[in-house]
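If you want the building blocks of each chain, they are given just below.
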Amino acid sequence: MNDGMVTIILVAVGLVVGCGLGWYGRKSSTSRASARRERFFGLPENSECLVVVNRDASGSDWTVAKHDVFALVELAAVIKGCGAHLQIVAHDTANQGFGDRTEFCVGTPISNRRMAAHMSSLLPGVRINTDPEPGPDRGAFAIGSERYRLDSGITEHVLLARLTAGQDARPVFISCGQRSITNQAAMRYLARNEAKLARKYGNTSFVLLLKVVNSQSYGPDVVELVADVTKAAKAPSPLPSPGKGNGKSV
């Protein structure tokens, strides 16, 4: 066997070994990413999760707002990616506790009874102005000492939270927005950033305040992280003093 043939054989062996190591590395990396995703969402393969939807506040019958439907589509892709199964239920029929299986709750306390219960028990530091009368604070979020107003179509806010009742409990994911388009934006943000969020927070709780910018032109695509408001949102907050301009809050 001449030197040229030996060289060719060595190169071929090197390529085979390199391809094998590359395949193994990619497979190992994919497996780790899948395991991290399943832990973050609390969705091991073939598990079940609950998706709680609200009703369209503008309608008298039980209907889901268009952008909340789009939010469900974003969620469905995440759940399918984990190999889990979803059950969609109306907000006023989800009469059960939380922690046994992962839950995604989408909407506002006005149109989602389940959301109202979660906000009251899990996020007592958040107050939402629900006054139906027009005014500068209509729909505003009050978190701790800060207030975040709604400027429809220009600046809109949404709370995205991962909450647990204990170390072994499955998480509850909350998307509570000032408008339904912000819920779609929050679910898209969650799907796109789950790896980064999982690395930062692991399996712990977090509450993020997101801002949807100029949705009348950009839809749900331009989202900015305003702040991590976990500490303020979970701390008990006194009710606002009654008076002119305070409106109602939940």
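Note that the structure is predicted; figures quoted are calculated from it, not measured.

### Overview of the sheet that holds strand β4 (residues 126-128)
Phase 1: Pairing is antiparallel in the open sheet, where 3 strands are placed in the order β4-β5-β6. In this open sheet, the two edge strands, each paired with only one partner strand, are β4 and β6 (146-148). This sheet shows a mean twist of 20 degrees between the axes of neighbouring strands, independent of strand direction.
Phase 2: For strand β5 (residues 141-143) and β6, the ladder comprises 3 bridges, and the chain directions are antiparallel.

### Observations concerning the sheet that holds strand β7 (residues 155-163)
Phase 1: Read from one edge to the other, the open sheet built from 7 strands follows the order β2-β1-β3-β8-β7-β9-β10, with strand pairing classed as mixed. Either end of the sheet is taken by a strand with one partner, and the two such strands are β2 (85-90) and β10 (223-228). Taken pair by pair, the neighbouring strands of this sheet meet at an average axis angle of 20 degrees, ignoring direction.
Phase 2: Sheet topology note: the β7/strand β9 (residues 206-213) ladder contains 8 bridges and is antiparallel. Counterpart to L160 in the pairing with β9 is L208.
Phase 3: Docked against the sheet, helix α2 (residues 66-81) engages β1 (48-53), β2 and β3 (102-106), running at close to 170 degrees with respect to β1.

Calculation rules
- Residues numbered from 1 in each chain as written.
- Predicted model: local features only at pLDDT ≥ 70, side-chain atom pairs only at ≥ 80, totals over all residues.
- Heavy atoms only, no water.
- Pairing = 2+ DSSP bridges.
- Helix = DSSP H or I, 4+ residues; strand = E, 2+ residues; numbered from the N terminus.
- Axes fitted to C-alpha atoms, helices over the stretch in contact; angles between N-to-C directions.
- Contact = heavy atoms within 4.5 Å.

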